[in-house]
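So you can see what is in the structure, the chains are spelled out below.
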Amino acid sequence: QVQLAESGGGLVQTGSSLRLSCAAEGRTRFSVFALGWFRQAPGKEREFLAAIERFGSRADYSDSVKGRFSISINSAKDTVYLQMNNLTPEDTAIYSCGAALRPSDYFKAEEYAYWGQGTQVTVSS
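Here's what I pulled together on the structure shown here. (Residues numbered from 1 in each chain as written. Predicted model: local features only at pLDDT ≥ 70, side-chain atom pairs only at ≥ 80, totals over all residues. Heavy atoms only, no water.)

For the rest of this paragraph, the subject is the pattern of salt bridges. Throughout the structure, instances matching the rule amount to nine salt bridges. Residue Asp91 pairs with Arg39 through a salt bridge whose shortest N-O separation is 2.8 Å. Of the two residues, Asp91 sits in the loop between strand 8 (79–84) and strand 9 (93–100) while Arg39 sits in strand 4 (residues 34–40), which places them 52 residues apart along the sequence. Look at the salt bridges and you will find they share partners, linking Arg39, Glu47, Arg68 and Asp91 into a network. (Salt bridge = Lys/Arg side-chain N within 4 Å of Asp/Glu carboxyl O. Helix = DSSP H or I, 4+ residues; strand = E, 2+ residues; numbered from the N terminus.)

Structural data, given as structure tokens:
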């Protein structure tokens, strides 16, 4: 089992930045191949944001956040980060990270074997 714990969410104003963290824990955390970030706003489907491979250079981004969001990983700490800049009210959602155990299409939520509980991000106008 792999446990994922997100942190860093909160209430911010338009134009602000936030950095989300997701720490992988558990004896089998070394089986994680990639970590990804998704978000889900009320009444909307879950949306892929970004993913990064644990020991590789591959990082994938959704076109909707490319250039504004940046994903990074500290493999020694088994932690993935999502730096979010120039936030707008449209970014308000619950942000969750997922762990994939093999190379795959990281934009597909079904490719992730484990999920965290999520962290709320609210951007006020």
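Past the structure itself, the notes keep going.
For the coordinates displayed, the defined rule picks out one disulfide. Each sulfur of the disulfide joining Cys22 and Cys97 lies 1.8 Å from the other. The sign of the S-S torsion, about 50 degrees, decides the handedness of the disulfide formed by Cys22 and Cys97: right-handed. Of this pair, Cys22 sits in strand 3 (residues 18–25) while Cys97 sits in strand 9, placing them 75 residues apart in sequence. You can call Cys22 buried: its relative accessible area is 0%. (Disulfide = S-S within 2.5 Å. Buried < 20%, exposed > 50% of the residue type's maximum accessible area, 1.4 Å probe, protein only.)

Within the largest apolar cluster, 28 residues are counted, with the highest numbers of intra-cluster contacts made by Leu4, Trp37, Phe69, Leu82, Met84 and Tyr95. Looking at this core, the elements that each hand over two or more residues are strand 3, strand 4, strand 5 (47–53), strand 7 (69–74), strand 8, strand 9 and strand 11 (119–124). Among residues more than four places away in sequence, those in contact with Tyr95 are Glu6, Leu20, Trp37, Phe38, Arg39, Leu49, Phe69, Leu82, Met84, Gly118, Thr119 and Val121. One finds Phe48, Ala51, Tyr106 and Ala109 within the second-largest nonpolar core, a separate group that totals eight residues. (Core = buried A, V, L, I, M, F, W, Y, C linked by side-chain atoms within 4.5 Å. Contact = heavy atoms within 4.5 Å.)

Let's shift gears to the sheet that holds strand 8. Strand pairing in a sheet relies on backbone hydrogen bonds. The paired strands run either parallel or antiparallel. Taken together, four strands build an open sheet; the order of strands is 1-3-8-7 and the sheet is antiparallel. Looking along the sheet, the strands with just one partner apiece sit at the ends: strand 1 (3–7) and strand 7. Here the average twist between neighbouring strands, direction ignored, is 15 degrees. Bridge count for strand 3 against strand 8 is six bridges, and the pairing is antiparallel. (Pairing = 2+ DSSP bridges. Axes fitted to C-alpha atoms, helices over the stretch in contact; angles between N-to-C directions.)

As a further point, take the packing of aromatic side chains. Evaluation of the coordinates by the stated rule reveals four aromatic pairs. With a centroid separation of 5.4 Å and an interplanar angle of 70 degrees, the aromatic rings of Phe38 and Phe48 are classed as edge-to-face. Here the residue Phe38 occupies a position in strand 4, and Phe48 occupies one in strand 5, the gap between them amounting to 10 residues. Pair check on accessibility: Phe38 and Phe48 agree, each one buried. Between Tyr112 and Trp115 the ring centres are 5.4 Å apart and the planes differ by 50 degrees, which places this aromatic pair in the tilted class. Among the residues examined, Tyr112 registers a relative accessible area of 6% and is labelled buried. Aromatic rings pair up to connect Phe38, Phe48, Tyr112 and Trp115 into one cluster. One residue, Arg46, lies across the ring of Trp115, its end atom 4.2 Å from the ring centre. (Phe/Tyr/Trp six-rings, centres within 6.5 Å; stacked < 30°, edge-to-face > 60°. Lys NZ or Arg CZ within 6 Å of the ring centre and 35° of its normal.)

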